[in-house]
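# Structural overview for review
Single-letter residue listing:
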Amino acid sequence: MSRRRIIAGNWKMNKTPSEAVELVETLKNLVKNDDVDVVYCVPAIDICPVAEAIKGSNVQLGAQNFYIEDKGAYTGEISAPMLKDAGVKYIIIGHSERRDIFGENDILINKKVKKAFEAGLSPILCCGESLELREAGVYADWIKRQIKWDLTGLSADQVKNLVIAYEPIWAIGTGKTATADQAEEVCKLIRDYIAELYDAATAEEVRIQYGGSMNAANAAELLDKPDIDGGLIGGASLKPDFGQIVNA
Ligand code: PGA
C-alpha cells in the first residue's frame, strides 16, 4: 500500500490572530496539492480565525496542545472536545518543547494520545533524542522506549491512524538537519518496532514524519526515503518555503 504524504506546519507560539489569517492568505496558492495532506498546527487563539480562513481550501487544521479532561476547573486549559468542535483534525502530542519546557512525561503523553482518539482527533505523536543520547549511541533504545510508553493500551486500528513524528532534538530550530540517511534509519526503526509491538499491516499503515530544520532545500531528499511519509515543519512553515516543501 502507499501511504498518503502528510506535511504539517508547527507554527509554535508565532502569529497573532490577524497575522495568522495573513499567513494563510500568503500561502494559499503555494500549498495547493491534492496528493498530500497539508496541515497547519496553530496556536490556540488562532484556531477559530484560521478555521474560517482555510474554508474551501485543501488545508486541514491542527492544534498544538490540550488537557486530558473534557471540561471543568482547569484554569487556562482547553480540552480535546473543544478542539474538535472548533474544526481541528490533527493534534501534536509529545513535542520535545512540551516535554522539556513544560515537564510532560510519557505517562501524560500516553493519556493525551488516548484522549485525542476518544475525541475524534488524529494525534501527531512526537519522539526524538537529545544530542547527548545520539552521541552516546543509545538513541535507538531511547526512541523505542518512548514509543512503547506513548502507545501503551492503544489498539492496532488506532495506531494505523496515528502519525508519528521523529524529531531529533538536536535538529529542531538549529538549522542542523539530520541527513536523509540518519532520518530514514530512525523512521524505519520506528516502523519495524510497530511491527513488533503490533503486526506488519499496522506498521505498513502508520505514517511517520521527519521533523527538525526541514526546509525547501532539503525536503525532497528526506521525503524521498521509503519510511519518511512527511514532515513536521517549524520555522519554514511560517514562510513561502512551506509551499515548496508541500510540493517537494
Ligand atoms: P524546526 O521545528 O523545523 O523549526 O526545526 C520543527 C518542530 O519543532 O516541529
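The text that follows walks through the structure, step by step, so that each part is easy to find. Here the structure is a predicted model, which is why all the values come from computation and not from measurement. (Residues numbered from 1 in each chain as written. Predicted model: local features only at pLDDT ≥ 70, side-chain atom pairs only at ≥ 80, totals over all residues. Heavy atoms only, no water.)

Buried within helix H1 (residues 17-27) we find Ala20, Leu23, Val24 and Leu27. What you see down the axis of H1 is that its buried residues fit within an arc of 100°, all on one side. Within H1, the exposed residues directed more than 90 degrees away from the buried face are Ser18 and Glu22. Turning to H1, the residues buried within the fold contact strand S2 (36-42), helix H2 (47-53) and helix H12 (241-246). (Buried < 20%, exposed > 50% of the residue type's maximum accessible area, 1.4 Å probe, protein only. Helix = DSSP H or I, 4+ residues; strand = E, 2+ residues; numbered from the N terminus. Arc of directions from axis to C-beta. Contact = heavy atoms within 4.5 Å.)

Relative to the elements of secondary structure, Gly212 occurs in the loop between strand S7 (207-211) and helix H11 (219-223). Along the chain, Gly212 and Thr177 lie 35 residues apart, while their C-alpha atoms are 5.8 Å from each other. Apart from the residues lying within four places of it in its own chain, the contact partners of Gly212 are Glu167, Ala171, Ile172, Thr177 and Leu232.

Right, let's get into helix H5 (residues 106-118). Here H5 contains 13 residues, and its C-alpha end-to-end distance of 18 Å stays within 8% of the 18 Å for a straight helix at 1.5 Å per residue. Buried within H5 are the following residues: Asp106, Ile109, Asn110, Lys112, Val113, Lys115, Ala116 and Phe117. If you follow the buried residues of H5, they end up packed against helix H3 (80-85), strand S4 (90-93), helix H4 (96-100), strand S5 (122-127), helix H7 (139-150) and helix H8 (156-160). The residue sitting at the N-terminus of H5 and contributing the capping side-chain oxygen is Asn105; that oxygen lies 3.1 Å from the backbone nitrogen of Ile107. Just downstream of H5, Gly120 is the residue with a positive phi angle, here 85°. (Expected span 1.5 Å × (residues − 1). Polar contact = N/O pair within 3.5 Å; in protein donor to acceptor, adjacent residues only side chain to side chain.)

Scope: geometric values only; no functional claims are made or implied.
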